Amino acid sequence: DVLDPERLIQCPLVKHHRIRARRFPYHLVKCKESNPEIAKKLATCPFNARHLVPQADLSDHIMKCNDKAFMEQDVVSRSREPPQEQLNNGSTWQAPPCDEDWETELLEGSESTFVW
């Protein structure tokens, strides 16, 4: 299952590293720091920072990346939404009038004691 946080994923930097999916982003950061020479040879996918591919293969990966569809779908759905200023300008809601007068209540000296 792709969404299982316990599934094991192979590290793109050091092939014998197998990391649980939920820890994978943290492992990538640490592994890049520990292996800077290998990290220099890899490029990060613009659609998913967890995808590290050889720099020469990046354009091919971008064309085939499964996460590209999610990004494109998100861009399309956002373009269909009205701009935020149109939503704010069309609101007619007003706050109801406040009936409380704290100063008057303080001057009247309400003797009620607060009990926890």
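Bear in mind the structure is a predicted one, so any value in this text is a computation, not a measurement.

Asks: How should the overall build of the protein be read in this particular structure?
Replies: From N to C terminus, the protein includes 6 helices and 4 strands. In the protein, the order of α-helices and β-strands from amino to carboxyl end is β-β-α-α-β-β-α-α-α-α. Residues counted as buried form 19% of the 116 residues belonging to the protein. In the protein, the share of contacts with a sequence separation of at least 24, taken over all contacts with a separation of at least 6, comes to 12%. Counting every atom, the protein has about 10200 Å² of accessible surface; 55% of that belongs to carbon and sulfur.

Asks: I tried to follow the UniProt feature "domain: CHHC U11-48K-type" (unreviewed entry) in the protein on my own but got confused; where do I start?
Replies: Following the UniProt record, the feature "domain: CHHC U11-48K-type" (unreviewed entry) maps to residues 8-35 and 42-69 here. For residues 8-35, the end-to-end C-alpha separation is 21 Å, with 39% helix and 21% strand making up the annotated structure. Between the C-alpha atoms that bound residues 42-69 there is a distance of 22 Å. The span itself is 36% helix and 21% strand.

Asks: Explanation requested: the state of the cysteines in the structure shown.
Replies: Such a bond, covalent and formed between the sulfur atoms of two cysteines, is termed a disulfide. The tally for this structure, following the rule as stated, stands at 0 disulfides. For the unlinked cysteine C31, the closest cysteine sulfur is that of C11, found at 3.7 Å. Among the residues examined, C31 registers a relative accessible area of 3% and is labelled buried. Here C45 is not disulfide-linked; the sulfur of C65 is the nearest cysteine sulfur, at 3.7 Å. When its relative accessible area of 4% is taken as the criterion, C45 is described as buried.

Criteria and cut-off values
- Residues numbered from 1 in each chain as written.
- Predicted model: local features only at pLDDT ≥ 70, side-chain atom pairs only at ≥ 80, totals over all residues.
- Heavy atoms only, no water.
- Helix = DSSP H or I, 4+ residues; strand = E, 2+ residues; numbered from the N terminus.
- Buried < 20%, exposed > 50% of the residue type's maximum accessible area, 1.4 Å probe, protein only.
- Contact = heavy atoms within 4.5 Å.
- Areas by Shrake-Rupley, 256 points an atom, 1.4 Å probe, with all protein chains shown as cover.
- UniProt positions renumbered as here; feature names shortened; annotations may be inferred.
- Disulfide = S-S within 2.5 Å.

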